[in-house]
Amino acid sequence: MNERTDPSTTRRGVMKGIGGLAALSMSGATIAEAEDVLNDSVPSDPHTLDTYRSIVDAIVPRTPQLESELGPEHVPGGLDVELEKFLVWDFNHFQEIRAEMVTEKGLLDGPSDAEMPLEMFESVLDLTNLGGLFGPDSPLDAVLNLADLDLLGLDLGLDDDALEEALTFGPVERYDISFADDVASSSGPAAFELLVETANETTHEVVQNYPYAPAFTLVFDIVAAEFIARGENEDAIKRDRSKFPAGGTFVQLSPEDRLRCLWTIVDGGVIDRLDDLLSPLVPDVGILKYVVMAVNGLHGFGYYTEWSGLGETKTNTPTERSLSTPAGEVQSRKQSGYPGPADGYAANWRHAVEGGFADPDAEDLNLPSDLKGDDVIEGIGGGT
Amino acid sequence: MNDPDVVIVGAGADGPATAWKLAHDHGVDVLLLEGGPWHGNEQWPKPHADSGGTVSTDPDDLDGKLLDEQFTHREADANDPTYGYLRVGPADHSRAPWFRNLHQNAFIWQVGAVGGTSLHYFANHPRGYPTAFNDQPHWPFDYEELVPYYQLNEELTSTQQAPMTGKEEVFIEGATNAGYDLIETKNVTETGWRPQANAVEVPGRETSNGQPLDADYEGSFSYDDGFRGDTLVGDHFQGSSTPVDAPVRDKARKSSNVGYVPRALDTNESSEQGNVALRPNAYVTDIETKEGAGTLEATGVTFRDSWSGQSQTVDSDTVVLAGGCIETPRLWLNAGLPDDGWVGKGLTTHWFDWIVGVYDDETVADINPEGEHMDPYVGQNSAVRFEKPGIGGMEDIGMSPGLVSYADYLFSQAGYSFDTEVDPDEPWDTRGYVVGEELKRRMSNYKQTKALLILTDDLPRQNNGVSLDTTFSDEHGAVPNVKWEPHPDDDAKRDELSRIAANIHKEAGAEHVHRCDWPPLLLHMQSSMRMGEVLDSNAEAKNVNRLFVADHSALANGVGGPNPTNSGQALALRTADKIADIYF
């Protein structure tokens, strides 16, 4: 699916501890190709892209039903301008991890106040050989393995079988995030290696900054499985995933249920209940409420701005982006009627207070003596 | 500038005002250190791609056309919190923003650059309510003492009453029909509406063809063609470098890179005044101190160049913190200075909400016989407001559509409108996130939509604020951990203001009123290093001599609800006088 997918560069054993760029060179890729991988902003595995596509489609869908009423410009939605790439880019550029602040756990006296343990950022979810002799029995079993937990030790307050039944990561067989370099002996922004394997393809990325985008989509699948196991979905689930074939449990939900499911992270106690399961997947589970804010809000920063007019440059580094469609002529601007930035407007205006505000010198101020304190909240209830 | 009298940490809204006053009125030499980039300065022609120069002291380095090039007026370019040119992060845009740990459905909206958050503000400059100063036991001086500083700040920033255009006329119709009176004073003690006091020049102060700026104007908006003053474009959140081609100091909206930085650099050209040097890309990581007579004393700072990664220590006679309500306490705590329990605490944010009115064409045409649409991108972003001292206020706002879609429909604590019931006794028709077909319908009405921003008088509470994060660190140490939750009293005030706002919309004839029910938006941050607790009445640290705070964190509360820039800058000007009185 991705032109930069290159199985020859996926041997993590070779890469680890040597340094991403050098290792790629040794693995047969040219330096130019290696830099391409390093700089490419949105090489993404299909599970990640399809999961975000399912959110974009829930928030800014195609709306052919609006054509007769509002006009044909109101038909296309966020997927028509690849808004999922905007979400992936923003989440993957959300937090820089500095190598000099990362430490191997157990060295000397352990992390100082400012140091972060290496293990916080490395994670392997292994779903290969499901049900096999040495593999996990189910995706839930793989998550439990990752968290070093067993179901008996979890008190989720729901039917474990139902959770097990509901959870799938779609075609994902292995998900592996690790530092691309030996952080113990380096400094500066750390690069991460991300490997996502499915039955018939492997996506390998080396990215600067923590690759949150793919991590969040695994979280959304687990949260969706709990959502279904609790019976909170209002619409039937669709197991065929025909619209988003590489997604997991999350994309099986109806568009509105996907959003209801995300909302359980903010207002449903999910973070507390699933903390043990989610902790190995994201460095800090606590930010997930902020992430739900961003998942919704980024549609405003992406779809309803000029972003889609950046054409092929839309996920380049910011200084290398340029408009190929004028800011007032992109898809969403045709829908809102905004003409784009202007140098000025000829418009009628007036001053409401002729001559300006009255403003005596400080010594001549004669303020009322019966001012109310800031703790006085009389009038509450709709009065004026 | 190796031997400054004063080092100021942060060149946001308040640091440059402090620097100007110290140098201009007191002959003090000042070094301003700013963690973010400097736009519109020839020393940094590509501030996000190249390290550029080191320090600037020459007002001729300022270049308005360069600023026009860098501030593209495009929304995502400017405002995207991850990649926009107005974000909080290193100047190098191949790097991620600086991380703050926030365990909430909430959004922190700041700008890290010369000019700080005043780069994207609407330039609203109301004074705080007198009641908010006079009745708080921990606030150490009377409102009247701040008035001369308000007056000075208003003069320097061209603060005046904002012009009424189409959307404001609709608000005035609603407020008048609802029975509110026009307030005609800057010192507000009563309920009513009034034109916004804002730091933007008069529209079309001079036009290119000598004709008035009105609907018939057909001339140029370029400074080079003779246009002066405001051009009536609602793009202030994108940086607003209009009139185009104008020198930096003559841009109409007086964010502090326009209103104060040029003046501060001008002091270098007078032998009577002090010198000011400004160094961007210099993130202060430590406050140097020595043990004095029974107390600590600040002796300078250590900063890190964000491009080279190299650190350097600068000695000074006094240190002024002006990094804002998050970075100032974070630096204090990372520097290991004493904390008696209020450092970083008491953060207020005006517990905003956003009440949206959608109007039909006929209603607007009845109110504005000369206008066809309300066009929220025409005219100043916010030109009229409502006041209710003791409770808070609100302001009428129009913006470009990306911002509108986010603020009106994609930021809520109420859940999705398709599941959110609306109490039939409440004056709004819908509440919560609006998505799907309904979102597209609402955005198709963008040109007839405007919102009222609720600004609640939330009070400082010790459990809200900034602490050092125990999970993440960056190159500057532990990252800030930020938390803000409303008190039930704050909710009650916000509900009342929201009802008033919905009523004003309805009295103006809105066909649909929507309450967003925003979660915390940390934009108007105040009071996290408050005078009366962390600071004394001179804004000097109680526990560290020669260490001052001159940013909005020194305010003791949210000044009652009015936008805080005018109050923060007025207080910073006063603090500059106090520093000079005490130490120079």
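Residues numbered from 1 in each chain as written. Chains lettered and ligands numbered in written order. Predicted model: local features only at pLDDT ≥ 70, side-chain atom pairs only at ≥ 80, totals over all residues. Heavy atoms only, no water.

**Q** What is the right way to read the overall build of chain A from this model?
**A** Helix and strand content of chain A: 13 helices and six strands. Taking all 384 residues of chain A together, the buried fraction comes to 56%. Restricting the contact set of chain A to residue pairs at least 6 apart, pairs at least 24 apart contribute 66%. (Helix = DSSP H or I, 4+ residues; strand = E, 2+ residues; numbered from the N terminus. Buried < 20%, exposed > 50% of the residue type's maximum accessible area, 1.4 Å probe, protein only. Contact = heavy atoms within 4.5 Å.)

**Q** Please explain the environment of B:R253 as it appears in this structure.
**A** Residues and elements named next belong to chain B. Looking at the element boundaries, R253 is found in the loop between β7 (197-198) and α7 (256-259). C-alpha separation for the pair R253 and A199, spaced 54 residues apart in sequence, amounts to 6.0 Å. With near-sequence residues (within four places) excluded, R253 lies in contact with S118, L119, H120, Y121, A123, A199, V200, H236, G239, S240, T242 and V258. Of the polar contacts made by the side chain of R253, one reaches the backbone oxygen of Y121; its length is 2.8 Å. (Polar contact = N/O pair within 3.5 Å; in protein donor to acceptor, adjacent residues only side chain to side chain.)

**Q** Where do I start with the sheet that holds strand β2 (residues 30-33) of chain B in this structure?
**A** The pairing of strands in a sheet happens through backbone hydrogen bonds and is either parallel or antiparallel. Residue and element names in this part refer to chain B. Taken in spatial order, the five strands of this open sheet run β8-β2-β1-β12-β23, and their pairing is parallel. Both edges of this open sheet fall to β8 (276-279) and β23 (547-549), since each of them pairs with a single strand only. On average, each strand axis in the sheet is inclined to that of its neighbour by 20°, with strand direction left out of account. Across three bridges, the pairing between strand β12 (residues 318-321) and β23 is parallel. Among the inter-strand pairings, L321 is bridged to a residue of β23, identified as V549. (Pairing = 2+ DSSP bridges. Axes fitted to C-alpha atoms, helices over the stretch in contact; angles between N-to-C directions.)

**Q** Help me out: how do you make sense of the pairing of β2(B) in this one?
**A** Working note: regular strand, side chains alternate between the two faces of the sheet. All names here are of chain B. Every second residue of β2 is oriented toward a common face, with V30 and L32 on one face and L31 and L33 on the other, all of them buried. In this fold, the crossover linking strand β1 (residues 6-9) to β2 by way of helix α1 (residues 15-26) has right-handed handedness. Alignment of β2 against β8, held across four bridges, turns out to be parallel. By the bridge assignment, L33 is partnered in β8 with R279. (Right-handed = clockwise from strand over helix to strand, strands pointing away.)

**Q** Sorry, what's going on with the nonpolar core here?
**A** Within soluble globular proteins, side chains that are nonpolar tend to cluster in buried spots. Among the nonpolar cores identified, the biggest contains 150 residues, and A:F91, A:F121, A:Y175, A:F216, A:F220 and B:W354 are the most heavily contacted of them. Broken down by element, this core gets its largest block of residues, 14 residues, from helix α9 (residues 212-229) of chain A. Apart from the residues within four sequence positions on either side, A:F220 is in contact with A:T51, A:Y52, A:I55, A:F250, A:L262, A:I265, A:V291 and A:V295. Of all hydrophobic cores here, the second largest spans 88 residues; its members include B:A11, B:A78, B:V276 and B:L296. (Core = buried A, V, L, I, M, F, W, Y, C linked by side-chain atoms within 4.5 Å.)

**Q** Explain the packing of helix α6 (residues 83-92) of chain A against helix α12 (residues 288-302) of chain A to me, please; I cannot follow it from the model alone.
**A** How two helices pack is summed up by the angle between their axes together with the distance between the axes. All names here are of chain A. Packing of α6 against α12 leaves a shortest axis separation of 10 Å and a crossing angle of 125°. Taken together, the axes of α6 and α12 lie oblique to each other. Between α6 and α12 the crossing geometry is right-handed. In this structure, α6 uses L83, F86, L87, D90 and F91 to contact α12, whose residues at the interface are V291, A294, V295, L298, H299, F301 and G302. A class-by-class count of the residues in the contact of α6 with α12 yields nine nonpolar, two polar and one charged. (Parallel < 35°, antiparallel > 145°, perpendicular 65-115°, else oblique. Left-handed = near helix turned anticlockwise from the far one by under 90°. Nonpolar A, V, L, I, M, F, W, Y, C, P; charged D, E, K, R; others polar.)

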